[in-house]
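Coordinate analysis (summary)
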Amino acid sequence: MNSFRHRLIGLPALALLITAAGCSSADDGASAAVPSAGTKATELCRKLDKALPAKVNGESREDPEPASALTAGWGNPAIILRCGVTRPPKMIDPKVAEGGDPDAVAGGVNGVDWLMEKQEAGAYRFTCANREAYVEVTVPKGVDTSTVLIDLAGSVKKAIPEGIAD
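None of these values were measured; they are calculated from a predicted model.

**Here we look at the nonpolar core**
- Within the largest apolar cluster, 28 residues are counted, with the highest numbers of intra-cluster contacts made by L48, L81, W114, V137 and I160.
- Looking at this core, the elements that each hand over two or more residues are α2 (39-51), β3 (71-74), β4 (79-85), β6 (112-118), β7 (124-129), β8 (134-139) and α4 (145-159).
- In terms of residues, this core owes the most to one element, α4, which gives six residues.
- Here W114 is in contact with V105, A106, G107, G108, V109, F126, T127, C128, V135, V137, L149 and V156, once residues within four sequence places are set aside.

Given below as structure tokens:
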């Protein structure tokens, strides 16, 4: 009877292990939270989605899950673009504008202004400024950030007009 009880206890653990293994994916596809953009920003983001290049930094486009016109991705580890994000607090921080924040720097690439923020584990997050919708690009550690922004600048200029996001 004691042996039977041990087998019964082992069955749920085995079932849990099989279920967990069945749910894991061999595909290392990226995921990205879809922004909750307003109507105007969503319209602009859809326009941007159609204008985005097939390749960024030499990497092919592989959009993250869940699928949305507000997100895009390239490569593995993925360069992730999210359109319609909220304005980052550091964008209006006077220390950043004065160059007093070592983890956030304002600058421009090919006519698009960006706020660069250093993230954990060596990644960088860029958020475009002075456009009618905020576009955020997260670049993993080790990826040439200037090439990424050069590849995306034309699409951002084409789809997101200059101005102030709501």
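More follows now that the structure is in view.
**What to know about the confidence of the model for the chain**
- Looking at the chain, pLDDT values average 85 and 83% of them are 70 or higher.
- Confidence drops under a pLDDT of 50 for residues 3-27, and excluding neighbours within four residues, the segment shows zero contacts in the predicted structure.

**A short note on the side chain of T127**
- Within the secondary structure layout, T127 lies in strand β7.
- Excluding residues that lie within four positions of it along the chain, T127 makes contacts with V85, P88, M91, D113, W114, L115, E117, Y134, V135 and E136.

**A word on the sheet that holds β3**
- Taken in spatial order, the six strands line up as β3-β4-β8-β7-β6-β5 in an open sheet, and their pairing is antiparallel. Edge strands, defined here as strands with exactly one partner in the open sheet, are β3 and β5 (104-109). The average angle at which neighbouring strand axes cross in this sheet is 20 degrees, direction not considered.
- Taken together, the six bridges between β6 and β7 define a ladder with antiparallel strand orientation. Note on β7: the bridge partner recorded for W114 is C128.
- This element, α2, spans β3, β4 and β8 of the sheet and lies at about 150 degrees to β4.
- Against the sheet, α4 engages β3, β4, β5, β6, β7 and β8, with an angle of about 140 degrees to β6.

**Brief notes about the pairing of β4**
- When you tally the buried positions in β4, you get seven out of seven residues, the bulk of the element.
- Counted between consecutive antiparallel strands, the loop separating β3 from β4 contains four residues, among which G75 sits at a positive phi close to 80 degrees.
- Across five bridges, the pairing between β4 and β8 is antiparallel. If you follow V85 over to β8, its bridge partner there is Y134.

Calculation rules
- Residues numbered from 1 in each chain as written.
- Predicted model: local features only at pLDDT ≥ 70, side-chain atom pairs only at ≥ 80, totals over all residues.
- Heavy atoms only, no water.
- Core = buried A, V, L, I, M, F, W, Y, C linked by side-chain atoms within 4.5 Å.
- Buried < 20%, exposed > 50% of the residue type's maximum accessible area, 1.4 Å probe, protein only.
- Helix = DSSP H or I, 4+ residues; strand = E, 2+ residues; numbered from the N terminus.
- Contact = heavy atoms within 4.5 Å.
- pLDDT = per-residue confidence, 0-100.
- Pairing = 2+ DSSP bridges.
- Axes fitted to C-alpha atoms, helices over the stretch in contact; angles between N-to-C directions.

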